[in-house]
Amino acid sequence: MSHDHFELLSNQALAACAVTYFLALLAHLYQWAIARSLPITASVPATATATAGGTDTIVRTDQAPGEQLDEKSDRMAMFSRIGVTLTVLGACFHFVAVVSRGLAADPVRVPWGNMYEFTMTGTLVVVVAYLALYRRYSLDWLSPVVTGFVIITLMVDVLFLYTPVVPLRDALQSYWLIIHVVAAILATGMFTIGGMSSALYLIKERWLAKGKTSTGYLARLPDLAALDRMAYRTQAFAFPVWTFAALIAGPIWAQHAWGRYWGWDPKEIWAFITWVVYAAYLHSRATAGWKGRNAAVIALIGLATLWFNFIGINFFFGSGSMHSYAAPVLTVLLH
Amino acid sequence: MGLDKLDEHKDSLDRRRETAFALTPRELLRWMWRQLTSMRTALILLFMLALGAVPGSVVPQEAVDAVRTANWQQAHPHLAPIYGKLGLFSVYNSVWFSAIYILLMISLVGCILPRTKVYWQGLRAKPPQAPKNLSRLRQHREFETDDDAQAALTKAHDVLRSKRYRVVVSTDDGSVAAERGYLREFGNLLFHSSVLLVLAGFAIGGLFGYKGGVIVVTGGGFSNTLSQYDDFQPGGLFSPANLAPFDFTVDNFDVTFIQSGREAGMAHEFSAGLSYHTEPGTPTKKTRISVNHPLTVDNTKVYLLSHGYAPHITIRDGKGQIAYAGPVIFLPEDATFRSTGVVKAPDASPTQIGLEGEFFPTYAFTAASGPFSAFPDDKNPAISMTVWTGNLGLDTGAPQSVYSLDKSGLKELKASGGRPYLVNLSMGHTQKLPNGLGSVTFDGISRYVKLQVSRSPGDLLALAGVSLALLGLIGSLYIRPRRVWVRVRREGGRTLVEVAGLDRSSGGNLAGEIDVLTQALTNDRHPVTGTQ
Ligand code: HEM
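Residues numbered from 1 in each chain as written. Chains lettered and ligands numbered in written order. Predicted model: local features only at pLDDT ≥ 70, side-chain atom pairs only at ≥ 80, totals over all residues. Heavy atoms only, no water.

1. Considering the overall build of chain A
The criterion, for reference: For the purposes of this entry, the term helix denotes a DSSP run of H or I that reaches at least four residues, the term strand denotes a run of E that reaches at least two, and both are numbered from the N terminus. Whether a residue is buried, partly exposed or exposed follows from its accessible area with a 1.4 Å probe, protein chains only, as a fraction of its type maximum: under 20%, in between, or over 50%, in that order. In what follows, residue pairs with any heavy atoms lying within 4.5 Å of each other are defined as contacts.
In terms of helices and strands, chain A carries 11 helices and 0 strands. For chain A, the residues scored as buried account for 62% of the 335 residues in total. If you take every contact in chain A between residues at least 6 apart in sequence, the share linking residues at least 24 apart comes to 78%.

See the structure below:
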């Protein structure tokens, strides 16, 4: 296959992947629509694994009374399975899209040369992380959020960030690029999943504060403590990875490329800000009066700085940053 | 005592102090120290650090890009002085930014020291005795066994040891106390101490290092002495004697540009071939440097930053004498390498001559845009320059940039319509100047490279610091400290075993661990009851 063929394949695989995710989202939405008419009976005491993921409030379907309810919860379980299966299929297409993007370049390279490719890979990490943790942490409740988020992000990616395949710039040709970017993408994906938990925490907290406890999606989310734990776990995993990406691999690469470890370039500044905010998040969970709600808010601020760094910087400070993948100027050359 | 409890305890002490009426100076100091080193203060300082870093990404920074900063200041004459006073052009050296991180560091030291002491004492402490009522703990299991009490205790001891718990058996009480995960706190302390190490590294680099820039035309050379640098930024304690005595010649320069597509005109690869001597008199070595591959000599690094064109220009004066000949460095203005430069011929007679203008590597012209460069490679090179005569001002002794003309003593040469007279030349051609001034020839082109030479001695320390920090962080975040107790009692001829645990960190899966332990203890399938 020629390089052009691979580029075409990548585009087609991404389209197929978006359609599949969309169908998965529909399945999950339908699943949760059924849930609205299904009352929540007394919480089943959690088993060991349930506490790990925090499914304390989710009803064991086989315990819902009445035949009609049984049928409904069976349908719920079926659509949940359909959704996850479609997501797995979508992830396969997604993977093909990412790999063939790299094969499309001449010479063949890693598929992280610009924002289009970075976003494509980042969303794949989100999906794979979600699938990998699905069983262990009973992530059924996260399905509509993940699929919805990934579809919207991919849409933005294709509509606004699409770039034809080009070779990597000199500054991007280094194995430190691979290490740095892999770590950054991994951390970004995990922080994003953690942010979803934190956001759901805040939503559910407000909802509980209003005294609502009826049926529907929010009622079936894990309890607040479990959401908080899920958020902490993913973000505590992502934090050292980010530390490595932004404060070790990044500077080493910058040293190779530009002769300085750290130059307070906008991209570096915001990577540092993200790091400090997440450090504050980890602290807040150990500080009286800051646990729970405030910690979740800080986590979301951290996520906002992370995504701003990734998307915002390129648009607002494009030419001022040596890292500007998006700016079609020879910044590196002119410095 | 849990660290957050320690903190809360401190806080409550502080609150009691606050309500006391008169504080002695000593008490006041103590109070301030406690405030500063409290977890809440650390949190707020971290926030301030994050916020304080923001302006540096919005306002151009002197240390990062002096030219951009100067342009910005010119474009904002009202804001610039205010921003300057606030230190916004050098945020990371400003008083207020330094204040934030110095406070944070003091807080950090104040935090590490007492915790290290607590940790040190805790290291040798035994796991605490089992609480009276184990069933009050959140994770609690109970089962019967056929073993007698002593055997059950021994088994509990063995199982916990094999899971790397520190175990104490107290036979009188019929209980086993176990604890693991001591390394978590160690990791945390290592992390926080390493942050200090990183800063020490930065400080050393900032004081003893240097960074300089130099432009070398291919074929030209450089030796590492102060006078050879175009710009030089020494650290506070730098001494010129620290300059490594190497020298090199730039033999050649290669660049490949992307020919088509959206990113056409981007340099795909560029590299320079150097011959160098690590010290005068040592054998010549050859190397190629490119963006990701600097030359390292004696801990000093030579980086290839960028490149450009140096057209060879010859100026003959009115008498036909060569008044200037050689490559002239033109600085690129945009991605197409339209470049600007000046030529100064102070020896020309009857009058000194200065040229100022542009170089186009691939000259193109439309009526709408005027002359421009269509591509960065030298496919159709041309120069277009205005001519200035009079006094170049070179003998006043005042330093002058080689990239601009001091026009105070100069007059621009005009064409017939009053418009500026232009020397427009493609390569290999000569243009005669009017009024018997002489002629200008565009002989050829060389390329030049812009190099950065730098030495930053604290880097390795900083790097070691971040790596240790990462190691500590991993220990601190992934090691789960927990305590487990087992109590055995005889009741009506049966042996009852209780297992309970306490998680000392957030996010651990204690229930799962207790289940596994219970499983290991009851191989005789008695039903287990429990609470979670
Ligand atoms: C340069 C400033 C600081 C940074 C970047 C920082 C960063 C961090 C990070 C990333 C963690 C989470 C990892 C872990 O649990 O070990 C942490 C935890 C912790 N930090 Fe800091 N820290 C800083 C200053 C401080 C200060 C000044 C204090 C003292 C008040 C402090 C006390 C703690 C404590 C007690 C924990 C453990 C929290 C827990 O058990 O979850 N830190 N810090």
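2. Focus: the coordination of the iron atom of the ligand
Applied cut-off: Only nitrogen, oxygen and sulfur atoms count as donors, using a 2.8 Å cut-off from the metal that widens to 3.2 Å for Na, K and Ca. Water is left out, so coordination shells may look unfilled. Between 85 and 135 degrees for all angles marks four donors as tetrahedral; over 155 degrees for opposite donors together with 65 to 115 for all other angles marks four donors as square planar and six as octahedral; every other arrangement is irregular.
At 1.9 Å from the iron atom of the ligand lie its protein donor atoms, namely His283(A) (NE2) and His192(B) (NE2). Between the 6 donor atoms coordinating the iron atom of the ligand, the angles at the centre fall across 75 to 179 degrees, so the site counts as octahedral. Placement of the pair is His283(A) in helix H9 (residues 266-284) and His192(B) in helix H9 (residues 182-208), with the two residues belonging to separate chains. Judged by relative accessible area, which is 11%, His192(B) ranks as buried.

3. Some details on the sheet that holds strand S5 (residues 221-223) of chain B
Backbone hydrogen bonds are what pair the strands of a sheet, in a parallel or an antiparallel way. Residues and elements named next belong to chain B. Short version of the rule: Think of it this way: DSSP has to see at least two bridges between two strands before they count as a pair. Between the N-to-C directions of two axes lies an angle of 0 to 180 degrees, each axis being a line fitted to C-alpha atoms and, for a helix, fitted only over the stretch in contact.
Taken together, the 4 strands give an open sheet; going across it, the order is S5-S7-S8-S9, and neighbouring strands pair in antiparallel fashion. The sheet is open, and its two borders are formed by S5 and strand S9 (285-290), each paired with just one other strand. Along the sheet, successive strands turn relative to each other by an average axial angle of 30 degrees, direction set aside.

4. Examining the pattern of salt bridges
All names here are of chain B. Note the threshold: Throughout this description, the term salt bridge denotes a Lys or Arg side-chain nitrogen within 4 Å of a carboxyl oxygen of Asp or Glu.
Here the structure, examined in full by the defined rule, presents 21 salt bridges over all chains. Salt-bridge contacts for Asp-173 lead to Arg-487; the nearest nitrogen and oxygen are separated by 3.1 Å. Taken as a pair, Asp-173 in the loop between strand S2 (166-170) and strand S3 (175-180) and Arg-487 in strand S23 (residues 482-491) lie far apart in primary sequence, 314 residues in all.

5. Description of the confidence of the model for chain A
All names here are of chain A. Inclusion rule: Each residue carries a pLDDT score, the predictor's confidence in it, ranging from 0 to 100.
On average, residues of chain A score 80 in pLDDT, and 78% of them are at 70 or above. H9 holds the highest mean pLDDT among the elements of chain A, 94, whereas helix H11 (residues 331-334) holds the lowest, 27. In this model residues 42-64 is a low-confidence stretch, pLDDT under 50, and it forms 48 contacts with partners more than four residues away in sequence or in other chains.

6. Concerning the site of the ligand
Stated formally: Only a single heavy atom is needed: when it lies within 4 Å of a molecule or strand, its residue is near that molecule or strand. Here a polar contact means two N or O atoms within 3.5 Å. Within protein one must be a hydrogen donor candidate and the other an acceptor candidate, and residues neighboring in sequence count only if both atoms are side-chain atoms. Nonpolar residues are Ala, Val, Leu, Ile, Met, Phe, Trp, Tyr, Cys and Pro. Charged residues are Asp, Glu, Lys and Arg, and all others, Gly as well, are polar.
Lining the immediate surroundings of the ligand are 24 residues, of which His283(A), Cys111(B), Asn188(B), His192(B) and Ser476(B) lie closest. Neighbouring residues of the ligand are distributed over chains A and B. Between the ligand and His192(B) there is a distance of 2.7 Å, counted from a nitrogen atom to a side-chain nitrogen or oxygen. Looking at the shell around the ligand, the elements with two or more residues in it are H9 of chain A together with helix H3 (39-53), helix H7 (95-123), H9 and helix H10 (459-478) of chain B. At 6 residues, the largest contribution of residues to the shell around the ligand is made by H7(B). Residue classes in the shell around the ligand are distributed as 15 nonpolar, 7 polar and 2 charged.

7. Digging into the environment of Gly194(A)
Residue and element names in this part refer to chain A. Considering the arrangement of structural elements, one finds Gly-194 in helix H6 (residues 175-209). Each C-alpha atom of the pair Gly-194 and Tyr-232 lies 7.0 Å from the other, and the pair is 38 residues apart in sequence. For Gly-194, the contacting residues outside a window of four places in its chain are Ala-231, Thr-234 and Gln-235.

8. Let's talk about the packing of helix H5 (residues 143-160) of chain A against H6(A)
All names here are of chain A. Our working rule: Each angle receives one of four descriptions, namely roughly parallel if under 35 degrees, roughly antiparallel if over 145, roughly perpendicular if within 65 to 115, and oblique otherwise. Two helices crossing with the near one rotated counterclockwise from the far one by less than a right angle form a left-handed crossing, whereas a clockwise rotation gives a right-handed crossing.
The contact between H5 and H6 brings their axes to 11 Å, and the two run at 125 degrees. It follows from the interaxial angle that H5 and H6 lie oblique. As H5 packs across H6, the resulting crossing turns out to be right-handed. Contacts between H5 and H6 pair Val-145, Val-146 and Phe-149 from the former with Thr-192, Met-196 and Leu-200 from the latter. Residues that form the contact of H5 with H6 fall into these classes: 5 nonpolar, 1 polar and no charged.

9. Describing the packing of aromatic side chains
Put simply, the rule reads: Paired rings are identified among Phe, Tyr and Trp, the last through its six-membered ring, by centres lying within 6.5 Å, and are further divided according to the angle between planes into stacked (under 30 degrees), edge-to-face (over 60) and tilted (the rest).
A complete count under the given rule lists 34 aromatic pairs over all chains for this structure. With a centroid separation of 5.2 Å and an interplanar angle of 75 degrees, the aromatic rings of Phe222(B) and Tyr229(B) are classed as edge-to-face. Judged by relative accessible area, which is 8%, Tyr229(B) ranks as buried. Ring geometry for Phe246(B) versus Phe248(B): centroids 6.4 Å apart, planes at 15 degrees, classification stacked. Here Phe246(B) falls in the buried class, since its relative accessible area comes to 1%. Clustering of aromatic rings is evident, with ring pairs tying together Trp262(A), Trp264(A), Phe272(A), Tyr92(B), Trp96(B), Phe97(B) and Tyr101(B).

10. Comments concerning empty space enclosed by the protein
Residue and element names in this part refer to chain A. This is how it is decided: Think of a 1 Å grid over the protein atoms and nothing else: a 1.4 Å probe that fits but is trapped marks a cavity, an open set flanked by protein within 12 Å on at least five of seven lines marks a pocket, and residues with an atom within 4 Å of a point count as lining. Grid points are joined across faces, edges and corners, and a volume is the space filled by probe spheres set on the points.
Applying the stated criterion across every chain, the model contains 7 cavities of 30 Å³ or more. The volume enclosed by the largest cavity comes to roughly 370 Å³. Taken together, 22 residues line the largest cavity, and the ones lying closest to its centre are His-180, Ala-184, Trp-242, Lys-267 and Asn-309. Elements represented by at least two residues in the lining of the largest cavity include exactly H6, helix H8 (224-258), H9 and helix H10 (293-316).

11. A short note on the confidence of the model for chain B
Note: predicted coordinates in regions of low pLDDT should not be interpreted at a detailed level. Here chain B shows a mean pLDDT of 86. Residues at 70 or above account for 93%. Predicted as a complex, the structure gets a pTM of 0.78 and an ipTM equal to 0.83.

12. Some details on the environment of Leu502(B)
All names here are of chain B. Considering the arrangement of structural elements, one finds Leu-502 in strand S24 (residues 494-503). With 18 residues separating them in the primary sequence, Leu-502 and Val-484 have C-alpha atoms 6.5 Å apart. When near neighbours in sequence (up to four residues on either side) are disregarded, Leu-502 contacts Leu-137, Arg-482, Arg-483, Trp-485 and Leu-510.

13. Considerations on the pairing of S23(B)
Put simply, side chains in a regular strand alternate between the two faces of the sheet. All names here are of chain B. Taken across its 10 residues, S23 has 7 buried, putting it largely inside the fold. Pairing of S3 with S23, which is carried by 6 bridges, proceeds in the antiparallel orientation. Bridging across to S23, Ser-175 finds its partner in Arg-487. As judged from the 10 bridges shared by S23 and S24, these two strands associate in the antiparallel manner. If you follow Val-484 over to S24, its bridge partner there is Gly-501. Between S23 and S24, which pair antiparallel and follow one another directly, the connecting turn spans 2 residues, one of which, Gly-492, has a positive phi of 55 degrees.

14. Structural notes on the packing of helix H4 (residues 115-134) of chain A against H5(A)
Residues and elements named next belong to chain A. Running from N to C, H4 and H5 point in directions that differ by 170 degrees, and their axes come no closer than 9 Å. Classified by the angle their axes make, H4 and H5 are roughly antiparallel. Across the interface between the two elements, Met-115, Tyr-116, Thr-119, Met-120, Thr-123, Val-126, Val-127, Tyr-130 and Tyr-134 of H4 pack against Ser-143, Val-146, Phe-149, Val-150, Thr-153, Leu-154, Asp-157 and Val-158 of H5. Across the contact of H4 with H5, the residue classes tally to 12 nonpolar, 4 polar and 1 charged.

15. Examining the side chain of Ser10(A)
For Ser10(A), the position within the fold is in helix H1 (residues 3-36). Once you skip the residues sitting within four places of it in the chain, Ser10(A) turns out to touch Ala97(A), Ser100(A), Arg101(A) and Met120(A).

16. Side note on unusual backbone geometry
Between Ser349(B) and Pro350(B) the backbone carries a cis peptide bond, its omega angle lying at 15 degrees. Unusually for a residue other than glycine, Ser138(A) sits at a positive phi of about 45 degrees. In this structure, Ser138(A) sits in the loop between H4 and H5. Of note in this structure, Asn299(B) is not a glycine but carries a positive phi near 65 degrees.

17. Topic: the environment of Glu185(B)
All names here are of chain B. Among the structural elements, Glu-185 can be located in helix H9. In this structure Glu-185 comes out as buried when scored by relative accessible area, which is 17%. It is 6.3 Å that separates the C-alpha atoms of Glu-185 and Ser-476, two residues lying 291 residues apart in sequence.

18. Here's the deal with helix H11 (residues 510-521) of chain B
Short version of the rule: Expected helix span is taken as 1.5 Å per residue step, with the number of steps being one fewer than the number of residues.
With 12 residues, H11(B) should reach 16 Å at 1.5 Å per residue; the first-to-last C-alpha distance of 16 Å fits that figure. What H11(B) keeps buried is the set Leu510(B), Ala511(B), Gly512(B), Glu513(B), Ile514(B), Leu517(B), Thr518(B) and Leu521(B).

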